[in-house]
Amino acid sequence: MEMRTAEGLRVLDAERAPGQQPMGAAPKLQVKGVSLSFPQAGGGRVEVLQGVDLSLGEGEFCSIVGPSGCGKSTLLSVISGLIPPDAGSCELDGKPITLGNPAVGYMFQSDTLLPWATALENVRFPLDAVGRKDDGLCLSLLKKVGVGAFAQAYPWQLSGGMRKRVQLARLLAQQPKVLLMDEPFGALDAQTRLLMQEELLRLWDSTGLTVLFVTHDLSEAIALSDRVMLFTNRPGSIKEEYPVPIERPRAIETIVQHPAYNSLFVQVWQSLRKEITLE
Ligand SMILES: Nc1ncnc2c1ncn2[C@@H]1O[C@H](COP(=O)(O)OP(=O)(O)O)[C@@H](O)[C@H]1O
Ligand SMILES: [Mg+2]
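Residues numbered from 1 in each chain as written. Chains lettered and ligands numbered in written order. Predicted model: local features only at pLDDT ≥ 70, side-chain atom pairs only at ≥ 80, totals over all residues. Heavy atoms only, no water.

Caption draft 1: The arrangement of the sheet that holds strand β5 (residues 61-65) in detail. Pairing in this open sheet of six strands is mixed, and the strands run β8-β9-β10-β5-β11-β12 from one edge to the other. Of all the strands in the sheet, the pair left with one neighbour each is β8 (104-107) and β12 (238-243). Taking each pair of neighbouring strands and ignoring which way they run, the sheet shows an average axis angle of 15 degrees. Pairing of β5 with strand β10 (residues 210-214) involves four bridges; the strand directions are parallel. Bridge assignment links Phe 61 to a residue of β10, and that residue is Val 211. The strands that helix α5 (residues 190-207) touches are β5, β9 (178-182) and β10; relative to β5, the one it contacts most, it runs at about 140 degrees. Across the sheet, helix α7 (residues 259-273) touches β5, β11 (227-231) and β12, and the angle it forms with β12 is around 180 degrees. (Pairing = 2+ DSSP bridges. Helix = DSSP H or I, 4+ residues; strand = E, 2+ residues; numbered from the N terminus. Axes fitted to C-alpha atoms, helices over the stretch in contact; angles between N-to-C directions. Contact = heavy atoms within 4.5 Å.)

Below, the structure is given as structure tokens:
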């Protein structure tokens, strides 16, 4: 999937189409030629995705950035099986993904905790759904994400960051192999967001999960990812891809001082701004 230099840099081979994983191992997650249009209120259809191809190797962390409305959330819904595409397919380990596959964890931007259930009951929810009872696992997951002491608290008793931690624990309870994350930290204040980025990297490092992360925040995409994929304006497709030449493990608070960070930020932003139209 990748090679590392002595300095821990991930080395990606240059001879790839944008969106494609480095040569070598079989892809973990693959999106092949996905196109989708939605019916419009006044008749006709609006093209949202056009021929999206991407491939993630096992354990890769990739981000998608793109202008608002370019189809990022729609793509994650297609990958999860929630929305069938007009054309193309999405595969996990070479097999089509069907809705409800627990190996694919989907974290929405909005707060999706059940308000009437405690943190523990929320985390237990995916296990209850398959008739499994494992409070030990759920408690250990709450501890793992730093909210073990709040197992009996209700969502309204928790801060925004704590609620995100509970959502992460709930996602992990379904024991996914791939995480689809749609602007998961978008609604958090700046400091909490940095803490959650740190938490996510720590979890990713210790679990070997494959992550596809959607964000409109370039600094977040660069700080977290092995590769940043830039989407075109609607209909969305991959315009360019940027490997992130920053060694791991990364410290979120010092990443802006890394010499590669600023030049990459400017490069991606200059390309992204050409895709933004003011409507
Ligand atoms: N269910 C739907 N029916 C009709 N249009 C939709 C639907 N979902 C999304 N759209 C439209 O598809 C486009 C892409 O939306 P979305 O994927 O949410 O964009 P992004 O996440 O990149 O901001 C937008 O123009 C949006 O209005
Ligand atoms: Mg969106």
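So much for the structure itself; the text now carries on.
Caption draft 2: Examining the site of ligand 1 more closely. Taken together, Phe 38, Val 48, Pro 67, Ser 68, Gly 69, Cys 70, Gly 71, Lys 72, Ser 73, Thr 74 and Arg 234 are the residues near ligand 1. Between ligand 1 and the protein, one listed contact pairs an oxygen atom with a backbone N or O atom of Cys 70 at 3.2 Å. In the model, an oxygen atom of ligand 1 is placed 2.8 Å from a nitrogen or oxygen of the Ser 73 side chain. Take the shell around ligand 1: its biggest share by element is three residues, from helix α1 (residues 72-80). A per-class count over the shell around ligand 1 returns four nonpolar, five polar and two charged. (Near = heavy atom within 4 Å. Polar contact = N/O pair within 3.5 Å; in protein donor to acceptor, adjacent residues only side chain to side chain. Nonpolar A, V, L, I, M, F, W, Y, C, P; charged D, E, K, R; others polar.)

Caption draft 3: Structural context of the pairing of β9. The buried fraction of β9 amounts to five of the five residues, a majority that puts the element mostly inside the structure. A two-sided burial pattern is seen for β9, the buried positions comprising Val 178, Leu 180 and Asp 182 on one face and Leu 179 and Met 181 on the other. Both β8 and β9 contribute to a ladder of four bridges, which runs parallel. Note that in β9 the partner of Val 104 across the bridge is Val 178. Pairing of β9 with β10 involves five bridges; the strand directions are parallel. (Buried < 20%, exposed > 50% of the residue type's maximum accessible area, 1.4 Å probe, protein only.)

Caption draft 4: Examining α1 more closely. With respect to burial, α1 is a largely interior element, eight of its nine residues being buried. If you check which residues of α1 are buried, you get Lys 72, Thr 74, Leu 75, Leu 76, Ser 77, Val 78, Ile 79 and Ser 80.

Caption draft 5: Broad picture of the packing of helix α4 (residues 160-173) against α5. Packing of α4 against α5 leaves a shortest axis separation of 10 Å and a crossing angle of 20 degrees. With respect to their mutual orientation, α4 and α5 come out roughly parallel. Relative to α5, α4 is oriented so that their crossing is right-handed. In this structure, α4 uses Gly 161, Lys 164, Arg 165, Leu 168 and Leu 172 to contact α5, whose residues at the interface are Thr 192, Leu 195, Met 196, Glu 199, Leu 200 and Leu 203. Residue classes in the contact of α4 with α5 are distributed as six nonpolar, two polar and three charged. (Parallel < 35°, antiparallel > 145°, perpendicular 65-115°, else oblique. Left-handed = near helix turned anticlockwise from the far one by under 90°.)

Caption draft 6: Just the environment of Phe 185, in detail. Mapped onto the elements of the fold, Phe 185 is located in the loop between β9 and α5. Along the chain, Phe 185 and Glu 220 lie 35 residues apart, while their C-alpha atoms are 9.6 Å from each other.

Caption draft 7: Layout of the UniProt feature "domain: ABC transporter" (unreviewed entry) in the protein. Residues annotated in UniProt with the feature "domain: ABC transporter" (unreviewed entry) correspond here to residues 29-258. Between the first and last C-alpha atoms of residues 29-258 the distance is 30 Å; the span itself is 30% helix and 27% strand. (UniProt positions renumbered as here; feature names shortened; annotations may be inferred.)

Caption draft 8: Looking closely at the packing of helix α2 (residues 119-129) against α4. Contact pair α2 / α4: the axes reach a minimum separation of 7 Å and the direction vectors enclose 25 degrees. Classified by the interaxial angle, the pair formed by α2 and α4 is roughly parallel. Between α2 and α4 lies a crossing whose hand is right-handed. Along its contact with α2, which presents Ala 119, Asn 122, Val 123, Pro 126 and Leu 127, the element α4 presents Val 166, Ala 169, Arg 170 and Ala 173. For the contact of α2 with α4, the class distribution of residues is seven nonpolar, one polar and one charged.

Caption draft 9: Inspection of a nonpolar patch on the surface at higher detail. A cluster of nonpolar side chains, namely Leu 82, Leu 99 and Phe 108, defines an oily patch on the protein surface of about 280 Å² accessible area. Along the chain, Phe 108 turns up in the loop between β8 and α2. (Patch = residues over 30% accessible without salt bridge, like charges linked within 9 Å, V, L, I, M, F, W, Y side chains within 5 Å. Areas by Shrake-Rupley, 256 points an atom, 1.4 Å probe, with all protein chains shown as cover. Salt bridge = Lys/Arg side-chain N within 4 Å of Asp/Glu carboxyl O.)

Caption draft 10: Inspection of the packing of aromatic side chains at higher detail. All told, the structure shown has six aromatic pairs when counted by the stated rule. Considering the side-chain rings of Phe 61 and Trp 204, the 5.7 Å spacing of their centres and the 80 degrees angle between planes classify their relative orientation as edge-to-face. Placement of Phe 61 in strand β5 and of Trp 204 in helix α5 is noted, with a sequence separation of 143 residues between them. Across the pair, exposure class does not vary: Phe 61 and Trp 204 are buried alike. Relative to Phe 213, the ring of Phe 61 lies with its centre 5.8 Å away and its plane at 40 degrees, an arrangement referred to as tilted. With Phe 61 in strand β5 and Phe 213 in strand β10, the pair connects residues that are 152 residues apart, well separated along the chain. Ring pairs connect the aromatic residues Phe 61, Phe 185, Trp 204 and Phe 213, which therefore count as one cluster. (Phe/Tyr/Trp six-rings, centres within 6.5 Å; stacked < 30°, edge-to-face > 60°.)

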